[in-house]
Amino acid sequence: MLVRRVYFSVLFGLAALALAACGSRSALPPRSIAVELTEFTITPTVYSAQTGEPLTFVVTNQGVLDHNVTILNPSGKELAHVEVKSGQAARFDFHPSAPGGLQIICSIDGHYKAGMSAQLMVNDLPAVAQAPSGR
Ligand SMILES: [Cu+2]
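Since this is a predicted model, take the numbers as computed values, not measurements. (Residues numbered from 1 in each chain as written. Predicted model: local features only at pLDDT ≥ 70, side-chain atom pairs only at ≥ 80, totals over all residues.)

Undergrad: Explanation requested: the overall build of the protein in the structure shown.
TA: On a plain count of helices and strands, the protein comes out with 2 helices and 9 strands. When the helices and strands of the protein are listed from N to C terminus, the series reads α-β-β-β-β-β-β-β-β-α-β. Within the protein, the proportion of its 135 residues that are buried is 17%. Considering only residue pairs separated by 6 or more positions, the protein has 65% of its internal contacts joining residues 24 or more positions apart. (Helix = DSSP H or I, 4+ residues; strand = E, 2+ residues; numbered from the N terminus. Buried ≥ 20, exposed ≤ 12 C-beta atoms within 10 Å, placed from the backbone. Contact = placed C-beta atoms within 7 Å.)

Undergrad: Looking at this model, I keep getting lost on the environment of Asn-61. Mind explaining?
TA: Mapped onto the secondary structure, Asn-61 falls in strand E4 (residues 55–61). C-alpha of Asn-61 to C-alpha of Glu-39: the two residues are 22 residues apart in sequence and 9.4 Å apart in space.

Undergrad: How should I be thinking about the nonpolar core in this particular structure?
TA: A general trend in soluble globular proteins is that nonpolar side chains are found buried together. Of all hydrophobic cores here, the largest spans 17 residues; its most connected members are Val-35, Leu-37, Ile-42, Phe-57, Val-59, Val-69 and Ile-104. At the level of elements, strand E1 (31–38), E4, strand E5 (67–72), strand E8 (100–105) and strand E9 (117–123) are the ones that each hand at least two residues to this core. Apart from residues no more than four positions distant in its own chain, Val-69 is found in contact with Val-35, Phe-57, Val-59, Val-82, Val-84, Ile-104 and Cys-106. (Core = buried A, V, L, I, M, F, W, Y, C linked by C-beta atoms within 7 Å.)

Undergrad: Teacher, can you tell me more about unusual backbone geometry here?
TA: Note: most peptide bonds trans; most residues except glycine with negative phi. Residue Phe-40 is bonded to the preceding Glu-39 through a cis peptide linkage, with omega at -10 degrees. Within the secondary structure layout, Phe-40 lies in the loop between E1 and strand E2 (41–43). A cis amide bond, omega -5 degrees, links Thr-43 with the succeeding residue Pro-44. With respect to the helices and strands, Pro-44 occurs in the loop between E2 and strand E3 (46–50).

Undergrad: In this structure, what is going on with the sheet that holds E1? I would like to understand it.
TA: Picture the strands of a sheet paired through backbone hydrogen bonds; they go either parallel or antiparallel. Across the sheet, which stays open at both edges, the 4 strands sit in the order E2-E1-E4-E7 with mixed pairing between neighbours. What marks the edges here is a single partner per strand, and that holds for E2 and strand E7 (89–94). Between one strand axis and the next, the sheet turns through 25 degrees on average, direction left out of account. Examined bridge by bridge, E1 and E4 share 7 bridges and lie parallel to one another. Pairing of Arg-31 across the sheet is with Leu-55, part of E4. (Pairing = 2+ DSSP bridges. Axes fitted to C-alpha atoms, helices over the stretch in contact; angles between N-to-C directions.)

Undergrad: I would appreciate a short explanation of the sheet that holds E8 in the present structure.
TA: A sheet is described by the order of its strands in space; here 5 strands give the open sequence E3-E9-E8-E5-E6, paired in mixed fashion. A single partner strand is all that each edge strand has here, and the edge strands are E3 and strand E6 (78–84). Neighbour-to-neighbour, the strand axes of the sheet open up by a mean angle of 20 degrees, direction not taken into account. Bridge analysis of E3 against E9 gives 5 bridges, and the strand direction is parallel. Bridged to Gln-50 within E9 is Asn-123.

Undergrad: So what exactly am I meant to see when it comes to the pairing of E9 here?
TA: For a regular strand, the rule is simple: side chains alternate between the two faces of the sheet. Relative to E9, E8 is paired through 6 bridges, and the arrangement is antiparallel. Following the sheet pairing, Gly-100 is matched in E9 by Val-122.

Undergrad: Can you walk me through the pairing of E5 in this structure?
TA: Only one face of E5 is buried, namely the one carrying His-67, Val-69 and Ile-71, since none of Asn-68, Thr-70 and Leu-72 on the opposite face is buried. With 6 bridges connecting them, E5 and E6 associate as antiparallel partners. Along E6, the bridge assignment pairs Asn-68 with Glu-83. Connecting the antiparallel pair E5 and E6 is a turn made up of 5 residues, with Gly-76 showing a positive phi of about 90 degrees. Inspection of the sheet shows E5 paired to E8 by 3 bridges, in the antiparallel sense. From the neighbouring strand, Ile-71 faces E8, where its bridge partner is Ile-104.

As structure tokens, this is what we get:
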């Protein structure tokens, strides 16, 4: 009987370890982020995410002109892009793969210069560590 109890506690211990090992980045739940475009702003202007977090950007163009959302890495490489016609909405999935600051712009000629830019901050902390700590 005692042997059996020990066997079960070892089994449960192993199961708990396995769960803890899985509980990091890959377990982040999908999240949608709403983005609004107008002449000539991207709202909000600052976004934050975790490395590996499965994001879906839901973009609404409230402007009278067509716009797009383009995500650029610090060296200017395009990581994601979606066109959104005036009055319409579009969505795209984006999984930030590394920590750092990414730029979100509208790449249509002159729009970035006119103010269509925002920042996506990607950090490597697990989601739990984001909760405000007690003071
Ligand atoms: Cu634009």
